[in-house]
Amino acid sequence: MKLNFTRVCCPSNFSTFIKPSLCTNLHRPLCSSSLSSSHTSLKPQIPLFLRPPMHSATVSDLQKWHDWAKCLASSVGTTFLDSDNGPDSSLLCRELKWLVEDTIEDHSVLSQMSIENGKRSVRLRAGVEDLYNMWKQRIEERKPFQYIVGCEHWRDLVLSVQEGVLIPRPETELIVDLVADVVSENEDLREGLWADLGTGSGALAVGIGRILGSRGMVIATDLNPIALSVAAFNLQRYGLQDIIELRQGSWFEPLKDVEGNIAGIVSNPPYIPSDNISGLQAEVCRHEPKLALDGGLTGMDYLFHLCNGAASMLKPGGLFIFETNGEQQCKCLIKYLESDLRGSFCNVDIVSDFAGIQRFLIGFRQQQT
Amino acid sequence: MTDQELMRQCEMDTFKASGPGGQHRNKRESAVRLKHLPTGLIAQAVEDRSQHMNRASALARLRTLLALNVRSSVDLEAYSPPPELLRILPPKSTVRPSDTGPQIGPNNPKYLLGMQALLDVVFAVEGSVAEAAKFLGLSTGALSRLILANDSLRMAVNELRTSKGMKPLK
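What counts, and at which threshold
Residues numbered from 1 in each chain as written. Chains lettered and ligands numbered in written order. Predicted model: local features only at pLDDT ≥ 70, side-chain atom pairs only at ≥ 80, totals over all residues. Heavy atoms only, no water. Helix = DSSP H or I, 4+ residues; strand = E, 2+ residues; numbered from the N terminus. Buried < 20%, exposed > 50% of the residue type's maximum accessible area, 1.4 Å probe, protein only. Contact = heavy atoms within 4.5 Å. Areas by Shrake-Rupley, 256 points an atom, 1.4 Å probe, with all protein chains shown as cover. Buried area = accessible area lost by both parts, 1.4 Å probe. Salt bridge = Lys/Arg side-chain N within 4 Å of Asp/Glu carboxyl O. Axes fitted to C-alpha atoms, helices over the stretch in contact; angles between N-to-C directions. Parallel < 35°, antiparallel > 145°, perpendicular 65-115°, else oblique. Left-handed = near helix turned anticlockwise from the far one by under 90°. Pairing = 2+ DSSP bridges. Core = buried A, V, L, I, M, F, W, Y, C linked by side-chain atoms within 4.5 Å.

With that out of the way, let us pick up the overall build of chain A. Counting its secondary structure elements, chain A contains 14 helices and 11 strands. The buried share of chain A, taken over its 369 residues, is 54%. Once local pairs closer than 6 in sequence are excluded, the contacts in chain A between residues at least 24 apart make up 71%. With an accessible surface of roughly 15,700 Å², chain A has 51% of that area assigned to carbon and sulfur atoms.

The structure is reproduced here in structure tokens:
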């Protein structure tokens, strides 16, 4: 395997220990999706930081691994950034720090790593061999950091994620704030039934579930059973089993029984135009599920579908919030709402994300007169 | 001012060169740097793995900076301490109405507004704790203790006193 890497760490000449495959990957970004073997089993993987510290290693072995990993990260420089807007060395070193945090049971060890402590044993949530594998995968295969540690920090939550599930994006955090704003002035919506369509890891469902509290209800749907098992893990960890119900199926299909009664619909549907996917950062196009990213030719297939569905599924005065690719998609959707779905919605608005991109479409189902 | 209103007055530095973002991107640059445009004050947070948490921390730090740096002028002739200031004063203050409620400390979110109003008074009397104490119905010692109990407050007062050639409070 990988024990070659431990012998040398020469800051001046990294090309000798980056495997040739790494170099070819840099020049020919591949974008086939890779499915891990866990695809066939529905038991969700436990995030690293929650695993029992059953492994151990000496401080010096851990230090050796850490030095190797740091060298490897530094050797990347800006190559990923230049090739596909991937992470640079400083970001990778930060991820390495987080990997160590999630792995070591006793964080005070980190400040004590020195030659005198070399033989001292530390307890780990993953073995040193696993650590070599993980970091190798990170750098050589561009496997997303979040899949390696099995979690993502999002809003004030830590969510389990794994291959087959989209890693929740920081932009999407804002949807929870928008929901909080609306329900703070609207008891009727706060106590209603909400839907998170295409829930993935369950991020939005958990986020809005915590806002709604005990009087609201959330139904979270997804086509992918892996996603549902991960969402189930996440909602249970946050004690929301009584508030969030999971249903498998496509968009509104599993919600036919509540048609016309839904207080709010939130969704982060796939919105990337199919042709753009192969040009994305390798972490995304090689490893994250296409099902969660590919929105068809214009990227808007599902957004249109959601608008159509919202018109019949929302109760009068009900709210929808959809995340999009940006200004063009939002404007296009507004035109669509004003033409094909004329009269169905009111108070439709576009909300920008923190980068100033017009990312969210928000609107209300017209009250019946 | 709510967090949202305050955010609207800020520019968030981290995000300038992000490209399309959203589903396109998986780069966890969770560090947040906020520049408050009206005052030019900058606050940042890098410790957390979640951008949301860093944003909250940066905003909290910005509020502290605003309280420490933004001054309102005070009419000493007709001075009456505002409610937010009364709340941070100890009960023995002679200007503190009995219905003010318990004294709040630095961990209370409303403390900053009180601290800001206190600094307005201290600046108006050019750093004299004895003078400020009179306006607040406290002995010089009691006001001194209040100021020394909070690091940011102490530093701001001492910076002023040093600039006026006075000895820092200890």
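We are not done yet, so read on.
Between chain A and chain B, the residue contacts involve 45 residues of the former and 23 residues of the latter. Of the roughly 2,800 Å² buried at the junction of chain A and chain B (both faces included), carbon and sulfur atoms supply 47%. The three residues of chain A that bury the most area against chain B are Trp98(A), His153(A) and Phe354(A), which together make up 23% of that side's buried surface. There are 3 salt bridges connecting chain A and chain B. When the shortest N-O distance is used, the salt bridge between Arg28(B) and Glu152(A) registers 2.2 Å.

Residues and elements named next belong to chain B. Summarising the element assignment, Val122 is placed in helix α4 (residues 111-124). The exposure class of Val122 is buried, given its relative accessible area of 1%. Separated by 35 residues in sequence, Val122 and Val157 have C-alpha atoms that sit 7.4 Å apart. Apart from the residues within four sequence positions on either side, Val122 is in contact with Gly127, Ala132, Val157 and Leu160.

What follows covers the packing of α4(B) against helix α7 (residues 151-163) of chain B. Residues and elements named next belong to chain B. For the pair α4 and α7, interaxial distance at closest approach is 11 Å and the crossing angle is 15 degrees. With respect to α7, the element α4 is oriented roughly parallel. α7 is crossed by α4, and the crossing has right-handed handedness. Note on element contacts: α7 touches α4 through Leu153, Ala156, Val157 and Leu160, opposite Tyr111, Met115, Leu118, Leu119, Val122 and Phe123.

All names here are of chain A. Pairing is mixed across the open sheet formed by 7 strands, whose spatial order is β7-β6-β5-β8-β9-β11-β10. Edge positions in the sheet fall to β7 (244-248) and β10 (345-352), since each of these pairs with one other strand and no more. Taken pair by pair, the neighbouring strands of this sheet meet at an average axis angle of 15 degrees, ignoring direction. Across 6 bridges, β10 lies against strand β11 (residues 358-365) in antiparallel orientation. Bridged to Ser352 within β11 is Gln358. Packing against the sheet, helix α8 (residues 173-184) makes contact with β5 (193-197), β8 (262-267), β9 (314-323), β10 and β11, and its axis sits at approximately 155 degrees to β9. Against the sheet, helix α11 (residues 225-237) contacts β6 (217-222) and β7, and its axis sits at roughly 170 degrees relative to β7.

Moving on: the pattern of salt bridges. Residue and element names in this part refer to chain A. Throughout the structure, instances matching the rule amount to 27 salt bridges over all chains. Residues Glu283 and Arg142 are paired through a salt bridge, measuring 2.9 Å at the closest nitrogen-oxygen approach. Of the two residues, Glu283 sits in helix α12 (residues 282-287) while Arg142 sits in the loop between α6 (128-141) and α7 (145-149), which places them 141 residues apart along the sequence. Of the two residues, Glu283 and Arg142, both sit in the buried class. A salt bridge links Glu187 to Arg215; the nearest nitrogen and oxygen atoms lie 3.4 Å apart. Highlighted residues: Glu187 in helix α9 (residues 187-190) and Arg215 in the loop between α10 (203-212) and β6, separated in sequence by 28 residues.

Our focus in this paragraph is the nonpolar core. One broad trend across soluble globular proteins is that nonpolar side chains are buried collectively. Residues and elements named next belong to chain A. One finds Leu255, Ile262 and Ile265 to be the most contacted residues of the largest nonpolar core, which totals 37 residues. Elements with a minimum of two residues in this core: β5, β8, α12, α13 (301-313), β9 and α14 (327-339). The element contributing the most residues to this core is α13, with 6 residues. In this view, Ile265 contacts Trp194, Ala195, Leu197, Phe252, Ala310, Met313, Leu314, Leu319, Phe320, Ile321 and Phe322; residues no more than four positions away in its chain are not counted. In terms of nonpolar packing, the next biggest core, distinct from the first, is built from 32 residues, Ala57, Ala73, Leu124 and Tyr132 among them.

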